[in-house]
Amino acid sequence: MKITAVDPFYLRMPDITTAADGTQDTLLVRVRTDAGFEGWGECDASPLVSLAVYCCPMSHGNIINIRTSLIGETLESPDDVVRLSEKTLRNGLDIQQIEHAYSGAEIALWDLIGQKLERPVYRLLAEMSGTSDTAHPKLPYASVLFGDTPEETYRIAVGLREQGYRAAKFGWGPMGKFGEVNDIALVRAAREGIGTEARIMIDAGVVWGTDHETAYQRAEAFAQFSPTWLEEPLSPDAVDAYGALTQKHPSVPVAAGEGSNTYRMAEDLIVHGGIRFVQIDAGRIGGIMPSFQVRQLAEQHGIQYVNHTFKSHLSLAAALHVFATNPDFSLLEYPAAGSALSQRLIVEPFPVASDGMVRVKELPGLGVRVDTAAIRPYLASVRIEVGTDTVFEQGSL
Ligand SMILES: [Mg+2]
């Protein structure tokens, strides 16, 4: 089949705030073919910056946009997805953020080829890599922001316990901004609110920059509350500082990786940063295949792979296919709250089953359907003109 259209869609809530909530807007990518199939993907990045990578005018042979690289191409097999990724990234060599933007299209290509071959994406990945094609359930952890105070954090944690979550991650907000006493009070509130049975994770939201000494002190101070990990205590690219931190073997394992927008960044954090959990967002790193390659690297290094997902359940679907077949990678970041846009984006979101687990859908492609009618009200009107040329005009959903 041939690719006939590659359409990015900029969707947004009416009011955007400074909260660390990535569900307030999004860039969806729809890829259509002459066989009647359409695939969908979602980028976790600034939507308009990413949209530009789909339509920017050619500057020279190394700045050719994603649409130009994909439209008219043949898509018959998973090998074609790999080939088209190589072509698109080569054509956009000097578009510095191309991997980030391309993630949506790459995910859509997997959705398409899975539909055409009538296989879930995780099975195609298993076949390509010669590994087991048995999918395993994941334990969802609710991913929420700290409250502004320990008291508010406690209330949030109690609410999660009442919803039945057996694991939750608290992040960003005031963490790291008001000194050690407040930091410890926040983590204590999270632990006491959710109870001793549940797993908790702490996301420091890159707050200590390159200060690995403070990060180490906090890891030791938080150990009394038994968090599964301390996430992103340092800047995404502070690889040397991560290495210095992990060489001291902090009592709480260190997690990072969501900022990786190339395979190489994740590899650096694993090999030189010494992290114990690598967290990959398929909507940032270039899509499903580079995420899968990081998963394989994590397996080789004996560390844990976890998804990073703070978007809709379309992104969650892409994330699940990457590591569904590894039973040891059992935790799943599960968007538990989020904007109305993110919650309405998929016709049937992933349910938490009665056993408390989430399973990949045994359907062709990603296995989810975008609810175009439900999200149409959030579609932004975009028109980009250069002189008398219309470079981009937002199409209809
Ligand atoms: Mg995080």
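Computed from a predicted structure; not experimentally measured. (Residues numbered from 1 in each chain as written. Predicted model: local features only at pLDDT ≥ 70, side-chain atom pairs only at ≥ 80, totals over all residues.)

A.B. asks: What am I meant to see in the overall build of the chain here?
C.D. replies: Each helix and strand counted, the chain has 14 helices and 13 strands in total. In summary, the chain has a C-alpha radius of gyration of 21 Å against a globular reference of 21 Å for 397 residues, a match within 12%. With the C-alpha coordinates of the chain rotated into their principal frame, the extents come out at 60 × 50 × 40 Å. Among the 397 residues that make up the chain, the fraction classed as buried is 52%. (Helix = DSSP H or I, 4+ residues; strand = E, 2+ residues; numbered from the N terminus. Rg over C-alpha atoms; globule rule 2.2 N^0.38 Å. Buried ≥ 20, exposed ≤ 12 C-beta atoms within 10 Å, placed from the backbone.)

A.B. asks: Which parts of the structure should I look at to understand the domain arrangement of the chain?
C.D. replies: Taken domain by domain, the chain holds domain 1 (3–120 + 372–393) and domain 2 (129–344). If you average the C-alpha positions of domain 1 and of domain 2, the two centres end up 27 Å apart. Across the contact, 29 residues belong to domain 1 and 27 residues belong to domain 2. Secondary-structure elements contributing two or more residues to the side of domain 1 that touches domain 2 are strand 3 (38–43), helix 3 (78–91), helix 4 (98–117) and helix 14 (372–375). The element best represented in the side of domain 1 that touches domain 2 is helix 4, accounting for eight residues. Here the residues of the side of domain 1 that touches domain 2 sort into 16 nonpolar, nine polar and four charged. (Domains from an automatic or database assignment. Contact = placed C-beta atoms within 7 Å. Nonpolar A, V, L, I, M, F, W, Y, C, P; charged D, E, K, R; others polar.)

A.B. asks: Help me out: how do you make sense of the pairing of strand 2 (residues 25–33) in this one?
C.D. replies: Strand residues, when the strand is regular, have side chains that alternate between the two faces of the sheet. The element strand 2 is extensively covered by neighbouring structure, given that seven of its nine residues are classed as buried. Pairing geometry for strand 2 and strand 3, over six bridges, is antiparallel. Its bridge partner being in strand 3, Leu28 is matched across the sheet by Glu42. (Pairing = 2+ DSSP bridges.)

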